[in-house]
Amino acid sequence: MADRTLILAFETSCDETSVAVVENGTKILSNIVATQIDSHQRFGGVVPEVASRHHIEWITRCTDQALAEANVSYNDIAAVAVTYGPGLVGSLLIGVTAAKAIAWAHNLPLVPVNHMTGHLYAARFVGEFKYPQMALLVSGGHTELVYMKAEHEFEIIGETRDDAAGEAYDKIGRVLGVNYPAGKTIDDWAAKGEDTFHFPRAMEKEANYDFSFSGLKSAFINTVHNADQRGEKLNKYDLAASFQQSVVDVLAEKTMRALDRYPVKQLILAGGVAANHGLRSRLDHDMHKYHPDVTMLQAPLKLCGDNAAMIGAAVYMCYQHGDRAGMDLNAEPGLMYGRMK
């Protein structure tokens, strides 16, 4: 019988309580996700204290369900994995505490992982990773270009200087009256409209790989507010299409230039905004046109959001490299990206 390494993984960095069992980093035996969207929609975004309370309520139930669905017991588990940052400190602490308790009670290794590494490794369920590679990680709180010369070696070459792309989607969604999270609705509306407003493409031509979406958000909000003051009704589909085209243009332009500078074998697209159809379509087009020799792995749509399966995939790699944490592991809400502890 082939070697079978089972990881019990926890993800509670924001507003999803998730526990998964992953085999050898590539096979999902279970992936339980308890979403809190309904609780946060009325506030227009995530309320940290509310998120923490929901994690406390759901963490044990999700753990029991993950083990039952995978048809395994703690005796079958090789290691316990947990996201310890970045994220909301209260939310992170629930997952870290649960993982430490289980690791201690069952004498199992405890392996910490950066939340963004988890997003990156969601694409591992699609195909084998080949190095060197580049990753475009686009989520509600982060927008980053990460270069990996080899496995377990991470270098941020570009990141957002203010609002992340997903954050900008949610903020302009509130102006349009779209419930949180707004990304999917804006994406759907964009497919029905045209780029008639020509919003700014911040930092698109600057000689770096950083991003900025705060100015785009402000330009969008000012356009809508000025129209409201004049009693003018703007086409919501064109607004969505114009906003999304600006985001996609900048993300694609920076990514293509990064690939020009860093020869790689693969491009990874992952994170919550990686589910955006406009972005996926644009990158497919640009990769075939400008970098046909570079393969692209896109995280599965169902694994673009926060989930523990991606943590299980990432931690298998960390586990193989000997990463371990002690019972003093703490949540690090501002954790920087890079080589794991």
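Refer to the structure above for everything that follows.
For the structure given in this document, a descriptive report is provided here. (Residues numbered from 1 in each chain as written. Predicted model: local features only at pLDDT ≥ 70, side-chain atom pairs only at ≥ 80, totals over all residues. Heavy atoms only, no water.)

Taken as a whole, this structure holds 14 salt bridges when the rule is applied. Salt-bridge contacts for Arg 161 lead to Asp 210; the nearest nitrogen and oxygen are separated by 3.1 Å. You can see Arg 161 sitting in the loop between strand S8 (155-159) and helix H5 (165-175) and its partner Asp 210 sitting in the loop between helix H6 (183-190) and helix H7 (214-230), a full 49 residues away along the chain. Measuring nitrogen to oxygen at the nearest pair gives 2.6 Å for the salt bridge that ties Arg 282 to Asp 249. You can see Arg 282 sitting in helix H9 (residues 277-290) and its partner Asp 249 sitting in helix H8 (residues 236-261), a full 33 residues away along the chain. Arg 282 sits in the partly exposed class, given a relative accessible area of 24%. (Salt bridge = Lys/Arg side-chain N within 4 Å of Asp/Glu carboxyl O. Helix = DSSP H or I, 4+ residues; strand = E, 2+ residues; numbered from the N terminus. Buried < 20%, exposed > 50% of the residue type's maximum accessible area, 1.4 Å probe, protein only.)

Here we come to unusual backbone geometry. That bond from Gly 85 to Pro 86 is cis: its omega, -15°, falls within 30 degrees of zero. Here the residue pair Tyr 131 and Pro 132 is connected by a cis peptide bond, since its omega of 0° sits within 30 degrees of zero. Here Pro 132 shows up in the loop between helix H4 (115-121) and strand S6 (133-138). Of note, the phi angle at Asn 71 is positive, near 60°, even though the residue is not glycine.

The strand order across the open sheet built from five strands is S3-S2-S1-S4-S5, with neighbouring strands paired in mixed fashion. Each edge of the open sheet carries a strand with a single partner, namely strand S3 (27-35) and strand S5 (110-114). Across this sheet, the average inter-strand angle for adjacent strands is 20°, counted without regard to direction. Helix-sheet contacts for helix H10 (residues 308-320) involve strand S1 (6-11), strand S2 (16-23), S3, strand S4 (79-85) and S5, and the interaxial angle to S1 is about 125°. (Pairing = 2+ DSSP bridges. Axes fitted to C-alpha atoms, helices over the stretch in contact; angles between N-to-C directions. Contact = heavy atoms within 4.5 Å.)

As a further point, take the nonpolar core. In terms of nonpolar packing, the biggest core is built from 85 residues, with Met 134, Ile 186 and Phe 243 touching the most fellow members. Of the residues forming this core, the biggest block, twelve residues, is contributed by H8. Sequence-distant contacts of Met 134, defined by excluding residues within four places in its chain, comprise Leu 145, Val 146, Tyr 147, Ile 157, Ala 258, Leu 259, Tyr 262, Val 264, Gln 266, Leu 267 and Ile 268. Counting 29 residues, the second largest nonpolar core, distinct from the first, contains Ile 94, Ala 99, Leu 108 and Leu 329. (Core = buried A, V, L, I, M, F, W, Y, C linked by side-chain atoms within 4.5 Å.)

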